[in-house]
Amino acid sequence: MSAADGPTPANVAAASADDAAPTTAPIGAADAAPASDPTMTAAGPRVGPVRGGVQLFAGLVLYAASIALIVHAQLGNMPWDVLSQGLALQLGWSFGTAVIVLSVVVLACWIPLRQRPGFGTVANVLVIGLLVDPFLAVLARLPELAWPALVGMTAVGIALNGLATALYIGARMGPGPR
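Rules behind the numbers
Residues numbered from 1 in each chain as written. Predicted model: local features only at pLDDT ≥ 70, side-chain atom pairs only at ≥ 80, totals over all residues. Heavy atoms only, no water. Phe/Tyr/Trp six-rings, centres within 6.5 Å; stacked < 30°, edge-to-face > 60°. Helix = DSSP H or I, 4+ residues; strand = E, 2+ residues; numbered from the N terminus. Contact = heavy atoms within 4.5 Å. Axes fitted to C-alpha atoms, helices over the stretch in contact; angles between N-to-C directions. Parallel < 35°, antiparallel > 145°, perpendicular 65-115°, else oblique. Left-handed = near helix turned anticlockwise from the far one by under 90°. Nonpolar A, V, L, I, M, F, W, Y, C, P; charged D, E, K, R; others polar. pLDDT = per-residue confidence, 0-100. Patch = residues over 30% accessible without salt bridge, like charges linked within 9 Å, V, L, I, M, F, W, Y side chains within 5 Å. Areas by Shrake-Rupley, 256 points an atom, 1.4 Å probe, with all protein chains shown as cover. Salt bridge = Lys/Arg side-chain N within 4 Å of Asp/Glu carboxyl O. Expected span 1.5 Å × (residues − 1). Bend = angle between axes of the 7 residues up to and from the residue. Buried < 20%, exposed > 50% of the residue type's maximum accessible area, 1.4 Å probe, protein only.

Caption draft 1: Region of interest: the packing of aromatic side chains. Across all of its chains, the model carries two aromatic pairs by this definition. Ring centres of Phe57 and Phe119 lie 6.2 Å apart, and the angle between their planes is 70°; on these two criteria the pair is classed as edge-to-face. Here the residue Phe57 occupies a position in helix 2 (residues 49-73), and Phe119 occupies one in helix 5 (residues 119-140), the gap between them amounting to 62 residues. Between Tyr63 and Tyr168, the ring centres sit 6.0 Å apart and the planes meet at 70°, which makes this aromatic pair edge-to-face. Placement of the pair is Tyr63 in helix 2 and Tyr168 in helix 6 (residues 147-171), with a sequence separation of 105 residues.

What follows is the structure, given as structure tokens:
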């Protein structure tokens, strides 16, 4: 009888030993750089400060544009933007002001958690909050759009939001405040 015919005590014991081996990294290991390559972290390649800064700000500008496209289309908003828009409408604020105030409130909630904001976190609050109103103003100058165009605007906004997310997270300069 060969090993291919069925389990034997020897290969069952070997399989059990393999199954018992830990398959997850210790806590915090994702942030540690592998010793073999100083340009890599466990989460991916390191991003230099210039490339990271350009990537961060490109992502934030695209976030503001994507938010403005989705809000202007009036076919539904992303969850945090629903809250921002509700605050803006109820309090008479601009949408960008509501985004900034809401982000600052959320960041204040980080204090008891001892979560420290990164440069990208603060830039997120300011760049998106300051740019979303001008983007909305430009979109407001468009003529009234037909429903298919609004659906297209929403789809472009969603796609841009995905690209913005990849750029922002890839820059690794701090989590978003919201």
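The discussion continues.
Caption draft 2: Just the side chain of Ser84, in detail. Note on placement: Ser84 falls in helix 3 (residues 79-91). Discounting chain neighbours no more than four positions away, the residues touching Ser84 are Phe95, Ala98, Val99 and Leu102.

Caption draft 3: Up close: the packing of helix 2 against helix 6. Remark: helix 2 packs on helix 6, axes separated minimally by 7 Å, with the N-to-C direction vectors making an angle of 155°. Considering their axes alone, helix 2 and helix 6 lie roughly antiparallel with respect to each other. Between helix 2 and helix 6 the crossing geometry is left-handed. Counted by class, the contact of helix 2 with helix 6 contains 19 nonpolar, ten polar and no charged residues.

Caption draft 4: Structural context of the confidence of the model for the protein. Looking at the protein, the pLDDT average stands at 84 and 74% of residues meet or exceed 70. Contacts of residues 21-29 to residues separated by more than four positions or lying in other chains number one contact, the stretch itself having pLDDT below 50.

Caption draft 5: Region of interest: the packing of helix 3 against helix 4 (residues 95-109). Axis separation between helix 3 and helix 4 bottoms out at 8 Å; the angle between their running directions is 115°. The chirality of how helix 3 crosses helix 4 is right-handed. The residues of helix 4 that touch helix 3, namely those facing Trp80, Asp81, Leu83, Ser84, Gln85, Leu87 and Ala88, are Phe95, Ala98, Val99, Leu102 and Val106. Per-class residue counts for the contact of helix 3 with helix 4 are nine nonpolar, two polar and one charged.

Caption draft 6: Here's a closer look at a nonpolar patch on the surface. On the surface, Leu91, Trp93, Val101 and Val105 cluster together to form a nonpolar patch covering roughly 320 Å² of accessible area. Residue position: Val105 is located in helix 4.

Caption draft 7: Summary view of helix 5. Compared with an ideal rise of 1.5 Å per residue, which puts 22 residues at 32 Å, helix 5 spans 32 Å between its outermost C-alpha atoms and is within 8% of the ideal. Where helix 5 bends most, the angle comes to about 25°, and this point is Val132, followed within four residues by the proline Pro134. Taken as a whole, helix 5 has its buried residues at Gly120, Thr121, Ala123, Asn124, Val125, Val127, Ile128, Gly129, Val132, Leu136 and Leu139. Next to the buried residues of helix 5 lie helix 2, helix 4 and helix 6.

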